[in-house]
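The chain contents come next:
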Amino acid sequence: MSNNKQQNTKSPTISIIVANYNNDIYLDDCLRSVVSQSFTDWECIVVDDGSIDGSGPIIERWAKHDKRIIPVFQDNHGASHARNVGLNMARGRWIGFLDADDCFCQDALKMLYECGEQNSADIVGGGGVRVPDDFKLGDMTSDSFTNPPFIVLGFNTQDVMKMEYLGETHRIVWVWRRLFRRHVLENVRFDEELYPGEDTCFIYEALPRARRIVETKGMVVYHRMARRSVSASPFNQKSFRWIPPTMRRLRWIMDTYYGKAYQRHFYKNYQDMIIGDMVINTLANGRMMHVAAQCLNEIYGTDILPTKYLPWTKRFILWLFMKIFG
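About the cut-offs
Residues numbered from 1 in each chain as written. Predicted model: local features only at pLDDT ≥ 70, side-chain atom pairs only at ≥ 80, totals over all residues. Heavy atoms only, no water. Buried < 20%, exposed > 50% of the residue type's maximum accessible area, 1.4 Å probe, protein only. Helix = DSSP H or I, 4+ residues; strand = E, 2+ residues; numbered from the N terminus. Pairing = 2+ DSSP bridges. Salt bridge = Lys/Arg side-chain N within 4 Å of Asp/Glu carboxyl O. Arc of directions from axis to C-beta. Contact = heavy atoms within 4.5 Å. Axes fitted to C-alpha atoms, helices over the stretch in contact; angles between N-to-C directions. Parallel < 35°, antiparallel > 145°, perpendicular 65-115°, else oblique. Left-handed = near helix turned anticlockwise from the far one by under 90°. Nonpolar A, V, L, I, M, F, W, Y, C, P; charged D, E, K, R; others polar. Phe/Tyr/Trp six-rings, centres within 6.5 Å; stacked < 30°, edge-to-face > 60°. Lys NZ or Arg CZ within 6 Å of the ring centre and 35° of its normal.

A. Spatial organisation of the pairing of strand β8 (residues 178–181). Residues R178 and F180 of β8 are buried on one face, and the alternating residues L179 and R181, pointing to the opposite face, are buried as well. Here 3 bridges tie strand β4 (residues 94–97) to β8, and the two strands are oriented antiparallel to one another. Looking at the pairing, W94 lines up with R181 of β8. Bridge count between strand β6 (residues 123–131) and β8: 3 bridges; the pairing is antiparallel. Bridging from a neighbouring strand, G125 pairs with R178 of β8.

B. Up close: the pattern of salt bridges. Per the counting criterion, the structure on display carries 21 salt bridges. Here E168 makes a salt bridge to R171, at a shortest N to O gap of 2.8 Å. Across the salt bridge formed by D272 and K268, the nearest N and O atoms sit 4.0 Å from each other. Of this pair, D272 and K268 both sit in helix α9 (residues 260–285), 4 residues apart, which is roughly one turn of the helix. For D272, a relative accessible area of 23% translates into the label partly exposed. One network of salt bridges, in which partners are shared, links R83, D99 and D199.

C. Geometry of helix α2 (residues 55–65). Buried within α2 we find S55, G56, I58, I59, W62 and A63. One face of α2 carries all of its buried residues, which in axial projection span an arc of 165°. Turned more than 90 degrees off the buried face of α2, the exposed positions are P57, K64 and H65. Contacts from the buried residues of α2 go to β1 (14–20), α1 (24–35), β2 (42–49) and β3 (69–74).

D. Molecular detail of helix α3 (residues 79–89). Counting buried residues along α3, 8 of its 11 residues qualify, which places the element largely inside the surrounding structure. Looking at α3, one finds that the buried residues are S80, A82, R83, N84, V85, G86, L87 and M89. Buried residues along α3 sit against β1, β2, β3, β4 and α6 (198–206).

E. Fine view of the packing of α9 against helix α10 (residues 289–297). Axis separation between α9 and α10 bottoms out at 9 Å; the angle between their running directions is 155°. By the criterion of interaxial angle, the relationship of α9 to α10 is roughly antiparallel. At the point where α9 passes α10, the crossing takes the left-handed sense. Contact residues: α9 offers I274, M278, T282 and L283, while α10 offers M289, A292, C295 and L296. Tallied by class, the residues present in the contact of α9 with α10 amount to 7 nonpolar, 1 polar and no charged.

F. A look at the environment of P57. Secondary-structure assignment places P57 in helix α2. Assessed through its relative accessible area of 54%, P57 is described here as exposed. Sequence separation of P57 and D24 is 33 residues, and the distance between their C-alpha atoms is 9.3 Å.

G. Highlighting the packing of aromatic side chains. What the rule picks out here adds up to 20 aromatic pairs. Ring geometry for F155 and Y258: centres 5.1 Å apart, planes at 80°, overall edge-to-face. A residue pair is termed long-range when its members are at least 10 positions apart, and F155 in the loop between β7 (150–153) and α5 (157–164) and Y258 in the loop between α8 (243–257) and α9 qualify at 103 residues. With a relative accessible area of 27%, F155 lands in the partly exposed category. Under the relative-accessibility criterion, Y258 is labelled buried at 6%. For the pair Y204 and F266, a centre-to-centre distance of 5.1 Å together with 70° between the ring planes defines the contact as edge-to-face. In this pair, Y204 is assigned in helix α6 and F266 in helix α9, connecting sequence segments 62 residues apart. Judged on exposure class, the residue Y204 and its partner F266 are both buried. Through successive ring pairs, a cluster of aromatic residues spans F155, Y204, Y258, Y262, F266, Y267, Y270 and Y309. Directly above the aromatic system of F190 lies the positively charged group of R83, at a separation of 4.8 Å from the ring centroid.

Here it is as structure tokens:
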């Protein structure tokens, strides 16, 4: 790692971590959205993960313009490693994330901070507005709430399930739409062996460390559906290679922190997604069925993939897929 600058001695209220890799076409808007926030007591740690595009000069220009932006340049190790570097450097009482191709909505930090403090929350979250790849900051204005409607939740089966059903703008696994109190993330880091899947594991490991969780109705992030994003990537082996290692990590998290009632709920829904990704998707594309079955074979028939939580029809579909292509 090189060019690691941390200029200020006073600890800020909020640390924002931006992991960047070859996002020069979005980076200006991203950092402009941070600098223009009405809440000003923040630091923004921008970890450039070995970009080979024009990201470096953009980050250096913004860091020169605003000393609250702290540039870090390192060799390419992946997004999880970059975020962990930022976490290890963060000094704020609250910690948040922003993807380099996304932007904060107007007053996002002020809204999240005030809602979190007023309700003694350990985690506070708002919504993510999906925008197209060619979105430019200023094209839209978010819903503005002086006192946004909110709900207060705890860490228990019923409330975690409520979080899962807040809708498309409040997906439970979106780490970048939240602020976390520092103590919540003290022993939580992104698994650098997972991609994708790291956000899911991170969130489910962080939630048990929060006594009180607040979700606001206000929108806080413009989430770009970028062509470079994982969700927009072409169908290939990476579409399902991540599932076995992610399931192994989730098994440990579930056994460590979550009760049997929630595990039944979680695994039923998560395995629905797996059937969609690894069975329906490969059959619809007419290829890579054997590769998908080979991946599944690593965890099929073990408690890492507990098919007992599935209805018998879906268990049969999975069994038949493995029988034919495994």
